[in-house]
Number of protein chains: 2
Amino acid sequence: MEYRGQLFVLSGPSGAGKSTLRERIRKRVSELWYSVSCTTRAPRAGEIDGEDYSFVSMDAFLAMVKARGFLEWAQVHGHYYGTPREQVVSSLENGRDVLLEIDVQGARQVKIHLPQACFIFVLPPDVATLKKRLRRRGTEDDSGMKIRLDRATREMAEAPWYDYLVINDDLERASEELAAVIRANRCRAAAVLPRVLDLVRPPPLS
Amino acid sequence: MEYRGQLFVLSGPSGAGKSTLRERIRKRVSELWYSVSCTTRAPRAGEIDGEDYSFVSMDAFLAMVKARGFLEWAQVHGHYYGTPREQVVSSLENGRDVLLEIDVQGARQVKIHLPQACFIFVLPPDVATLKKRLRRRGTEDDSGMKIRLDRATREMAEAPWYDYLVINDDLERASEELAAVIRANRCRAAAVLPRVLDLVRPPPLS
């Protein structure tokens with residue numbers, strides 16, 4: 001089904017900087033609706049319920065899975081994350097563009113159900129930077145770190161099927177690139193034509 | 001043939017504001033090479049030979065057509081315009097992105113020979129604005145004006161096959177959109193993958 005709004009899926013491995021990029025893009029791009037994911041993990045310092053995530057219990061999460069209430073959901077490092085379907089679909093139907101920031105498993109599910117979405121993959125500049133970012137985040141010992149790194153490596157192998165790749169070496173440049181991808185997609189012929197039919201109508205055959 | 005650089009083709013009817021947009025984009029987007037077209041028409045006030053156009057004689061132009069020296073060429077309102085092939089192709093081969101600002105006939109010829117190029121169509125906001133811009137430019141009487149308007153109408157009917165449509169109602173916004181299209185195309189997976197092969201290589205089967 002073709003919606004009036006466009007869906008942008010921002011994904012990539014943990015440690016690539018997806019959330020920070022999403023925050024930046026809020027300020028740069030207007031008229032973009034941000035879907036708030038549900039998660040069973042505890043809030044990190046500074047995270048606000050209903051804004052960064054909806055923090056829910058495991059029971060509430062599983063009930064929503066059973067009711068097919070998620071557009072996509074995934075388990076990442078022992079915690080569950082999911083995108084409530086209804087708000088996304090009704091926004092797109094009403095012509096609003098939507099940005100999802102989700103993990104790679106979730107992006108695959110969206111690709112199956114909404115293949116016309118625009119898929120953007122955020123990459124760290126190199127493996128050394130990725131390791132540093134994962135270490136800063138994790139509280140684990142070396143084996144925990146190895147699990148995170150192995151997972152990120154498998155996740156990065158998904159990059160080739162995405163529409164756009166953004167290398168997050170410089171946050172300012174990366175967020176400019178992400179903004180450009182969204183703006184450019186809004187200029188695609190398929191998106192603009194409905195507004196200019198009077199101009200581009202073929203002249204009568206003579 | 002796939003080149004290392006990307007070709008951007010900026011086209012649209014006379015009076016849409018292509019040249020002004022091209023000027024603006026020079027300042028906004030780096031590492032973009034501008035092809036200078038040849039023309040048999042006389043320079044307008046302020047135009048510089050070798051920068052805005054290469055102003056050539058009809059004989060020189062026709063000799064170059066005969067030698068297949070043009071990537072595209074067209075006759076518009078009695079004057080000839082053409083894009084020298086060699087510089088464009090060698091820039092693309094060397095990995096430089098190239099911007100062509102050409103008329104709609106020329107864009108069709110490029111579409112045949114280089115279908116992988118990115119085609120961007122500039123539209124006036126409405127017919128009234130187009131008329132005003134054509135009137136300002138032309139020195140003709142009413143019948144000359146009708147010819148220009150009929151031509152622009154036929155040209156605008158080509159818009160649907162382009163990749164992107166930019167409505168030039170506000171020059172600042174239009175040039176931002178054009179810049180976004182170029183930046184976004186530089187982030188396409190096909191363009192970025194060669195630089196990140198080490199990151200996205202699939203892990204060994206286990």
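Everything that follows concerns the structure shown earlier in this document.
Residues numbered from 1 in each chain as written. Chains lettered and ligands numbered in written order. Predicted model: local features only at pLDDT ≥ 70, side-chain atom pairs only at ≥ 80, totals over all residues.

(A) Seen up close, the packing of helix 1 (residues 18–28) of chain B against helix 7 (residues 171–186) of chain B. Residue and element names in this part refer to chain B. Helix 7 packs onto helix 1 with a crossing angle of 60 degrees between their chain directions and a minimal axis gap of 9 Å. Accordingly, the angle class assigned to the pair helix 1 and helix 7 is oblique. The interaxial crossing formed by helix 1 with helix 7 has right-handed handedness. Mapping the contact onto sequence places T20, L21, R24, I25 and R28 in helix 1 and L171, A174, S175, L178 and A179 in helix 7. Taken together, the residues of the contact of helix 1 with helix 7 sort by class into six nonpolar, two polar and two charged. (Axes fitted to C-alpha atoms, helices over the stretch in contact; angles between N-to-C directions. Helix = DSSP H or I, 4+ residues; strand = E, 2+ residues; numbered from the N terminus. Parallel < 35°, antiparallel > 145°, perpendicular 65-115°, else oblique. Left-handed = near helix turned anticlockwise from the far one by under 90°. Contact = placed C-beta atoms within 7 Å. Nonpolar A, V, L, I, M, F, W, Y, C, P; charged D, E, K, R; others polar.)

(B) Region of interest: the interface of chain A and chain B. Listed as interface residues are 30 residues of chain A and, on the opposing side, 30 residues of chain B. Of all the elements in the fold, those that place two or more residues in the side of chain A that touches chain B are helix 6 (142–156), strand 9 (164–167), helix 7 (171–186), helix 8 (189–192) and helix 9 (197–200) of chain A. Looking at the side of chain A that touches chain B element by element, the count peaks at five residues for helix 7 of chain A. Per-class residue counts for the side of chain A that touches chain B are 23 nonpolar, one polar and six charged.

(C) Broad picture of the pairing of strand 6 (residues 79–84) of chain A. Residues and elements named next belong to chain A. Here strand 3 (residues 37–39) pairs with strand 6 via two bridges, running antiparallel. Note that in strand 6 the partner of C38 across the bridge is G82. Alignment of strand 5 (residues 70–76) against strand 6, held across six bridges, turns out to be antiparallel. Its bridge partner lying in strand 6, F70 is registered against P84. (Pairing = 2+ DSSP bridges.)

(D) Up close: the pairing of strand 9 (residues 164–167) of chain B. All names here are of chain B. The side-chain alternation of strand 9 yields two buried faces, one formed by Y164 and V166 and the other by L165 and I167. In this structure, strand 8 (residues 118–123) lies alongside strand 9, joined through four bridges in parallel fashion. Counterpart to F121 in the pairing with strand 9 is L165. (Buried ≥ 20, exposed ≤ 12 C-beta atoms within 10 Å, placed from the backbone.)

(E) Quick peek at helix 4 (residues 104–113) of chain A. All names here are of chain A. Within helix 4, burial applies to V104, G106, A107 and V110. Down the axis of helix 4, the buried set is contained in an arc of 150 degrees. They therefore lie on one face. Exposed and oriented more than 90 degrees from the buried face of helix 4 are I112 and H113. Taken together, the buried residues of helix 4 touch strand 1 (7–11), strand 5, strand 6, strand 7 (97–101), strand 8 (118–123) and helix 6. (Arc of directions from axis to C-beta.)

(F) Region of the structure containing the packing of helix 7 of chain A against helix 7 of chain B. Closest axis-to-axis distance for the helix 7 of chain A/helix 7 of chain B pair is 8 Å, and the angle between their directions is 110 degrees. Considering the angle they form, helix 7 of chain A stands roughly perpendicular to helix 7 of chain B. When you trace helix 7 of chain A past helix 7 of chain B, the crossing you get is left-handed. Counted together, E177, A180, V181, R183 and A184 of chain A of helix 7 of chain A and E177, A180, V181, R183 and A184 of chain B of helix 7 of chain B form the full contact between these two elements. A breakdown of the residues in the contact of helix 7 of chain A with helix 7 of chain B according to their chemical character gives six nonpolar, no polar and four charged.

(G) The arrangement of the sheet that holds strand 5 of chain A in detail. All names here are of chain A. Taken in spatial order, the four strands of this open sheet run 4-3-6-5, and their pairing is mixed. Only two strands of the sheet have a single neighbouring strand rather than two, namely strand 4 (53–55) and strand 5. When strand polarity is set aside, the average angle formed by the axes of neighbouring strands in this sheet is 25 degrees. Note that strand 3 and strand 4 share three bridges and pair parallel. Among the inter-strand pairings, C38 is bridged to a residue of strand 4, identified as S54. The sheet contacts of helix 3 (residues 85–93) involve strand 5 and strand 6, and relative to strand 6 the element is tilted by about 30 degrees.

(H) Expanded view of the environment of R186 of chain A. Residues and elements named next belong to chain A. With respect to the secondary-structure elements, R186 resides in helix 7. With 17 C-beta atoms packed within 10 Å, R186 lands in the partly exposed category. Measuring from C-alpha to C-alpha, the distance between R186 and D97 comes to 9.2 Å, with 89 residues separating the pair along the chain.

(I) Spotlight on helix 6 (residues 142–156) of chain B. Residue and element names in this part refer to chain B. Over its 15 residues, helix 6 runs 21 Å from end to end, which matches the ideal 21 Å to within 8%, given 1.5 Å per residue. The complete set of buried residues in helix 6 reads R148, A152, E155 and M156. Buried positions in helix 6, seen along its axis, are confined to an arc of 95 degrees and lie on one side of it. Residues of helix 6 that are exposed and point over 90 degrees away from its buried face: D142, S143, K146 and D150. (Expected span 1.5 Å × (residues − 1).)

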